[in-house]
Protein chains: 2
Amino acid sequence: MNATDLLTAPDRRQAILDHRSELPPVDPDLLHLLELPDDLPEQLSIAEAAELTALTAHTLRYYERVGLVSVGRDAAGHRSYDRQAMARIVFVTRLRASGMSIGAISHYLQLVQQGPDTEPERLALMQEHRASIQRQLRELQLALAVTDYKITVYGGTAAP
Amino acid sequence: MNATDLLTAPDRRQAILDHRSELPPVDPDLLHLLELPDDLPEQLSIAEAAELTALTAHTLRYYERVGLVSVGRDAAGHRSYDRQAMARIVFVTRLRASGMSIGAISHYLQLVQQGPDTEPERLALMQEHRASIQRQLRELQLALAVTDYKITVYGGTAAP
DNA sequence: CTTTGCGTTTGAGCGCACTCAAAGGCGTAC
DNA sequence: GTACGCCTTTGAGTGCGCTCAAACGCAAAG
């Protein structure tokens, strides 16, 4: 516990418990999915990285261009993705999938680069983002309810 | 039960139960939110409709332009939103919030307009959409796990 | 030596979902 | 009557997140 905490430990635990109780299906094992496979080669070509992340080579270059990841080059000047780069890309992909804009991710990563002094701000950003994800989850649950309603009602006379 | 069903009743019920068991927090009361308030005026101006739906007047005109909703006019030629129009807009908004594209919504609504013969296709569309929502939910839960990991790890040495 | 294949760069192009600008029509208030 | 406010239309503009084109480099295979 240190000065970088925006919430006291009990508050933070409570916040986490709060959403846990709202989300029983969040499997703790999910965290395993955040790790890269152990047998990942040390260096990957852009094509390999693309296949692994399900992004296109275009998109990988784009992410590098806008500063979301830095990638080394091999003797031939070709991009060479190491574990760190891959981990970064996976992280970015998660945030993108949860609707965080490139700009916001960029901002977050700049804070990371500026060192530990920025941790409070990073924490705040993440908490705000978590709240936004929860809003999205609720929206989706509503949408799912609508969808199911449309589905169950067929054979009936629902309009539209 | 009729020929328009793509799944037999038991299959359909099972499909619904399946996702229900994955989503305990889906409150059945949510469906109430799909209904319009009883005290909704019969006719609303575009400004009132915008406020009610949290869309802008611009967006409402846009939705009409691309055929997502049809809206009558009053004596002065101004748009006049009735309950049906409002219900349609709410429905469209839910689908948008769950990531369905304007084009896909448009397609669905065209099917509706073509009459009951298209119900099987509509059902299929909705089921596909439900699957996509569930994928999104899982993505979001993952993202939430990442986010929480980032949050709980502060004070520690996590990178990035 | 040329072809094939995978990579590089810069800069432009695209699709989506809005979002706005311009020019003007009505109806009430002063 | 004229000013104000809210509305109308058409068509163009914007921001995001890619996505692609063009021209070129390098290196192994035939």
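This is a predicted model, so every value here is computed, not measured.

Chemist: Explain the overall build of chain A to me, and be specific about the residues and the numbers.
Modeler: A count of helices and strands for chain A gives six helices and two strands. Written out in order from the N terminus, the α and β elements of chain A read α-α-α-β-β-α-α-α. Here the analysis covers contacts within chain A between residues at least 6 apart in sequence; of these, 51% occur between residues at least 24 apart.

Chemist: Could you give an account of the protein's contact with DNA strand C, with specific residues and numbers?
Modeler: In the neighbourhood of DNA strand C, 18 residues make up the surrounding shell, with Ser45, Ala47 and Arg79 of chain A together with Ser101 and Ile102 of chain B lying closest. Only helix 2 (46-53) and helix 3 (57-65) of chain A together with helix 3 (57-65) and helix 5 (102-113) of chain B provide two or more residues apiece to the surface near DNA strand C. A per-element tally of the surface near DNA strand C places helix 3 of chain B first, with three residues. Looking at the surface near DNA strand C residue by residue, the classes come out as seven nonpolar, eight polar and three charged.

Chemist: Break down the protein's contact with DNA strand D for me, citing the residues and quoting the values.
Modeler: Among the 16 residues in the neighbourhood of DNA strand D, the closest are listed as Tyr62, Ser101 and Ile102 of chain A together with Ala47 and Arg79 of chain B. Of all the secondary structure elements, the ones that give two or more residues to the surface near DNA strand D are helix 3 and helix 5 (102-113) of chain A together with helix 2 (46-53) of chain B. In the surface near DNA strand D, the residues fall into five nonpolar, eight polar and three charged.

Chemist: Just give me the short version of helix 5 of chain B, but keep the residues and values in it.
Modeler: With 12 residues, helix 5 of chain B extends 16 Å from end C-alpha to end C-alpha; this agrees with the ideal 16 Å at 1.5 Å per step. Looking one or two residues beyond helix 5 of chain B, the residue adopting positive phi is glycine 115 of chain B, at roughly 100 degrees.

Chemist: Explain the UniProt feature "domain: HTH merR-type" (unreviewed entry) in chain A residue by residue, including any values.
Modeler: In the numbering adopted here, UniProt assigns the feature "domain: HTH merR-type" (unreviewed entry) to residues 43-111 of chain A. The distance from the first to the last C-alpha atom of residues 43-111 of chain A is 27 Å, and the span holds 61% helix and 6% strand.

Chemist: Any details on the confidence of the model for chain A? Residues and values, ideally.
Modeler: Of the residues in chain A, 71% have a pLDDT of 70 or more, and the chain-wide mean is 75. For chain A, per-element mean pLDDT is lowest for helix 1 (residues 9-22) of chain A, which scores 33, and highest for helix 3 of chain A, which scores 98.

Chemist: Account for helix 4 (residues 83-97) of chain A, with residues named and values stated.
Modeler: Residues and elements named next belong to chain A. For helix 4, built from 15 residues, the straight-helix expectation of 21 Å at 1.5 Å per residue is met to within 8% by its first-to-last C-alpha distance of 21 Å. All buried positions along helix 4 are accounted for by Ala85, Met86, Arg88, Ile89, Val92, Arg94 and Leu95. Backbone geometry just after helix 4 places glycine 99 at a positive phi near 90 degrees.

Chemist: Account for the environment of aspartate 117 of chain A, naming residues and giving values.
Modeler: Counting through the fold element by element, aspartate 117 of chain A comes out in the loop between helix 5 and helix 6 (119-153). On the neighbour-count criterion, aspartate 117 of chain A (9 C-beta atoms within 10 Å) is exposed.

Chemist: Describe the nonpolar core, naming the residues involved and giving the relevant values.
Modeler: Ranked by internal contacts, the top residues of the largest apolar core, which has 53 residues, are Val69 and Val92 of chain A together with Val69, Val92 and Ala143 of chain B. Looking at this core, the elements that each hand over two or more residues are helix 3, helix 4, helix 5 and helix 6 of chain A together with helix 3, helix 4 (83-97), helix 5 and helix 6 (119-153) of chain B. With 11 residues, the single largest contributor to this core is helix 6 of chain B. With residues up to four places along the chain from it excluded, the contact list for valine 69 of chain B reads Tyr63, Glu64, Ala85, Arg88, Ile89 and Val92 of chain B.

Chemist: Account for the environment of glutamate 48 of chain A, naming residues and giving values.
Modeler: All names here are of chain A. Structurally, glutamate 48 is set in helix 2. For glutamate 48, a count of 15 C-beta atoms within 10 Å corresponds to the partly exposed category. Between the C-alpha atoms of glutamate 48 and tyrosine 149, which are 101 residues apart in sequence, the distance is 43 Å.

Reading guide: rules and limits
- Every chain is numbered independently, its residues counted from 1 as its sequence is written.
- The lettering of chains begins at A and the numbering of ligands begins at 1, in the order of writing.
- Owing to the predicted nature of the model, reporting of local features is limited to residues with pLDDT of at least 70; listing and counting of side-chain atom pairs is limited to 80 or more, with chain, interface and lining totals taken over all residues.
- Comment: elements are numbered from the N terminus, with helices defined as DSSP H or I runs of at least four residues and strands as E runs of at least two.
- The contact rule is simple: place each C-beta atom from the backbone, and if two of them lie within 7 Å, those residues are in contact.
- Each residue receives a C-beta atom built from its backbone; the residue is near a molecule or strand if that atom lies within 6 Å of it.
- Residue polarity is assigned by list, with Asp, Glu, Lys and Arg as charged and Ala, Val, Leu, Ile, Met, Phe, Trp, Tyr, Cys and Pro as nonpolar; anything else, Gly included, falls into the polar class.
- One less than the residue count of a helix, multiplied by 1.5 Å, gives the span that helix is expected to have.
- UniProt positions are given in the numbering used here, feature names are shortened, and annotations may be inferred rather than shown by experiment.
- How sure the predictor is of each residue is captured by pLDDT, a score from 0 to 100.
- Counting other C-beta atoms within 10 Å of a residue's C-beta gives its exposure: the residue is buried at 20 or more, exposed at 12 or fewer, and partly exposed in between, where C-beta atoms are placed from the backbone.
- We call a set of buried Ala, Val, Leu, Ile, Met, Phe, Trp, Tyr and Cys residues a nonpolar core when their C-beta atoms link them within 7 Å.

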